[in-house]
Amino acid sequence: MKYFTKIFFIGLFSIIAININAQERFKRFYDLAPNYGSFSYDVTSLSDGYLLSGVVLDTVDGYIFNRLLLLKLDLYGNPNWQKRYGNANFQYLQEGFEMQLIDSALYLSTMISKPDTITTSVLIKYDLNGDSLWGREYTYSIPNQNHTWFSVFGKHKISDGGFVLTGTQHNGVSCSIILLKTDSLGNEEWRSIMNTSTYYSTGYDVTYDNYSHKYIITAVQDTPISTDELTGIIITTDSLGNKINQSVKTGVNGGFLNQIIQTDDHNFISSGAISTGEPIGSFTKKKHFCIKFDHNGNTIWSRQYSISGFFNWLGVSEMLPDGNIILAGSFDTLSNQNLPFNSHFYLQNTSHCAIMELNIAHHLRIICKYYYPTNHLYLDSIYTHCHFYTSLLLMN
């Protein structure tokens, strides 16, 4: 099971804006907590600049804890203002941030930690000045149990004005995929629990198909042959969250799927990684993976890309007006295969981050790539609007 804890290493809020021919418009790094770290997880474009969200490790009254941070930038990436939320009893964690701009309001979902090792999730509505309008908390409560998680990873706003959320709930023994529906004010209407596992089972993204009236979820769970590897699955439910079917999309060796995009033909595309089964340390090598499927989860096409390596994955994606898709992720250069396998050390010396384009003929090309030999870099968000605005995490 993946446990969510505070991470004490140096990180920077970062953003890169580029155009289609891979020229950088600007690149900025913001050291907002010099003694600790700050991490950006999502970015959206505003009429007068950009807004980044993430977490900053902060000291208040002598205590170090995670706080939610909103950073407003002008059109050239220069800071306008920042706002911080949270206190020592209400800590925003460093994973699960997702921000959406809808009808001149910002909706952000993230996880928080509370005393007694309880993790819950929140959905918060902000105005464009970063002031909160309302917030809703979602929990997994068990009597006399102080070791529970309710973690939201993906959300989608649907036509009735409400949201649907997906993620995982965990009680210290088993975990399950959750699907939770809210009204337009974030109040919970119902939740559905599925795919309970004693190891790992979580929803990563969700969307609603107005044509079939189904929810479609990308998720991961442990593979039938090993709990050391995860496998990517597609789950479909009816409009009330009752599970209809599911299908494994990354094979018996494992892999994962991330964001869902609905295409103009009312089908769906997701991306992630697929395992080749080749060992590297205690893990296996992976390739970039994209798949197109219908509202029943049936595969229309799937493709594997790149030479297999440990850090090959596609994480976030956006569709362009011409039907091409922009993807952000990482690829293993295989340049230092003789290095002792340690995740931090190996990644630091062999992995690049990249922005790629998947065209309508299913061909994947690298638009630009980034490599910092003394640091490692993750791409956590991408927003397309004439240029690509990418939220980054640069770590020493």
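Predicted, not measured: the structure shown is a model, and the values here were computed from it.

**As for the overall build of the protein**
Each helix and strand counted, the protein has one helix and 29 strands in total. Summarising the internal contacts of the protein: among those between residues at least 6 apart in sequence, 48% fall at separations of at least 24. If you sum the accessible surface of the protein, you get close to 15900 Å²; carbon and sulfur atoms cover 49% of it.

**Considerations on the sheet that holds strand 19 (residues 243–248)**
In a beta sheet, neighbouring strands pair by backbone hydrogen bonds and run either parallel or antiparallel. Across the sheet, four strands lie side by side as 16-17-18-19; this open sheet has antiparallel pairing. Only two strands of the sheet have a single neighbouring strand rather than two, namely strand 16 (201–209) and strand 19. Direction aside, neighbouring strands of the sheet carry axes that sit 20 degrees apart on average. Summarising the sheet, strand 16 and strand 17 (residues 214–222) pair through eight bridges and their orientation is antiparallel.

**Quick notes on the pattern of salt bridges**
By the definition in use, this model includes seven salt bridges. One salt bridge connects aspartate 48 with lysine 72, and the closest N-O pair in it is separated by 3.5 Å. One end of the pair, aspartate 48, is in the loop between strand 3 (38–46) and strand 4 (49–60); the other, lysine 72, is in strand 5 (residues 63–73), and 24 residues separate them in sequence. For aspartate 48, a relative accessible area of 43% translates into the label partly exposed. What emerges from the salt-bridge pattern is a single network uniting Asp160, Lys181 and Glu189.

**So, the packing of aromatic side chains**
The tally for this structure, following the rule as stated, stands at seven aromatic pairs. Relative to phenylalanine 163, the ring of tyrosine 107 has its centre 4.9 Å away and its plane inclined at 50 degrees; by these criteria the two rings are tilted. You can see tyrosine 107 sitting in strand 9 (residues 105–114) and its partner phenylalanine 163 sitting in strand 13 (residues 163–170), a full 56 residues away along the chain. An angle of 25 degrees between the planes, with centres 5.8 Å apart, marks the rings of phenylalanine 268 and phenylalanine 293 as stacked. Placement of the pair is phenylalanine 268 in strand 21 (residues 268–280) and phenylalanine 293 in strand 22 (residues 283–293), with a sequence separation of 25 residues.

**Considering the environment of leucine 52**
With respect to the helices, strands and loops of the structure, leucine 52 is situated in strand 4. C-alpha separation for the pair leucine 52 and glutamine 82, spaced 30 residues apart in sequence, amounts to 9.4 Å.

**As for the confidence of the model for the protein**
In this model, the protein carries an average pLDDT of 78, and 73% of its residues clear a pLDDT of 70 or more. Predicted confidence for residues 1–11 stays below pLDDT 50, and this span has 42 contacts to residues more than four positions away or in other chains.

**Considerations on the pairing of strand 15 (residues 188–197)**
In the sheet, strand 14 (residues 175–182) pairs with strand 15 via seven bridges, with the strands oriented antiparallel. Residue pairing across strands places cysteine 175 opposite serine 197, the latter belonging to strand 15. Taking the residues between adjacent antiparallel strands as the criterion, strand 14 and strand 15 are bridged by five residues, where glycine 186 takes a positive phi near 85 degrees.

**Describing the environment of serine 38**
With respect to the helices and strands, the residue serine 38 is situated in strand 3. In the structure, serine 38 is positioned 16 residues away from glycine 54 in sequence and 7.4 Å away in space, judged by C-alpha atoms.

**Brief notes about the sheet that holds strand 6 (residues 79–85)**
If you trace the four strands from one edge of the open sheet to the other, you get 3-4-5-6, paired in antiparallel fashion. The sheet is open, and its two borders are formed by strand 3 and strand 6, each paired with just one other strand. Geometrically, the sheet is characterised by an average inter-axis angle of 25 degrees between neighbouring strands, direction not taken into account. One ladder, built from 11 bridges, connects strand 4 with strand 5; its direction is antiparallel. Bridged to aspartate 58 within strand 5 is phenylalanine 65.

**Thoughts on the pairing of strand 17**
Within strand 17, nine of the nine residues are buried, which leaves it mostly tucked inside the rest of the structure. Taking the residues that link successive antiparallel strands as the turn, the strand 16-strand 17 hairpin has four residues, and the phi of histidine 213 there is positive, at about 60 degrees.

**Brief notes about the side chain of glutamate 357**
Mapping glutamate 357 onto the fold places it in strand 26 (residues 351–358). A polar side-chain atom of glutamate 357 sits 3.4 Å from a polar atom in the side chain of asparagine 324.

**Observations regarding the environment of lysine 27**
Looking at the element boundaries, lysine 27 is found in strand 2 (residues 24–30). The exposure class assigned to lysine 27 is partly exposed, which follows from its relative accessible area of 31%. Placed 49 residues apart in sequence, lysine 27 and tyrosine 76 show a C-alpha to C-alpha distance of 9.1 Å.

What counts, and where the lines are drawn
- Residues numbered from 1 in each chain as written.
- Predicted model: local features only at pLDDT ≥ 70, side-chain atom pairs only at ≥ 80, totals over all residues.
- Heavy atoms only, no water.
- Helix = DSSP H or I, 4+ residues; strand = E, 2+ residues; numbered from the N terminus.
- Contact = heavy atoms within 4.5 Å.
- Areas by Shrake-Rupley, 256 points an atom, 1.4 Å probe, with all protein chains shown as cover.
- Pairing = 2+ DSSP bridges.
- Axes fitted to C-alpha atoms, helices over the stretch in contact; angles between N-to-C directions.
- Salt bridge = Lys/Arg side-chain N within 4 Å of Asp/Glu carboxyl O.
- Buried < 20%, exposed > 50% of the residue type's maximum accessible area, 1.4 Å probe, protein only.
- Phe/Tyr/Trp six-rings, centres within 6.5 Å; stacked < 30°, edge-to-face > 60°.
- pLDDT = per-residue confidence, 0-100.
- Polar contact = N/O pair within 3.5 Å; in protein donor to acceptor, adjacent residues only side chain to side chain.

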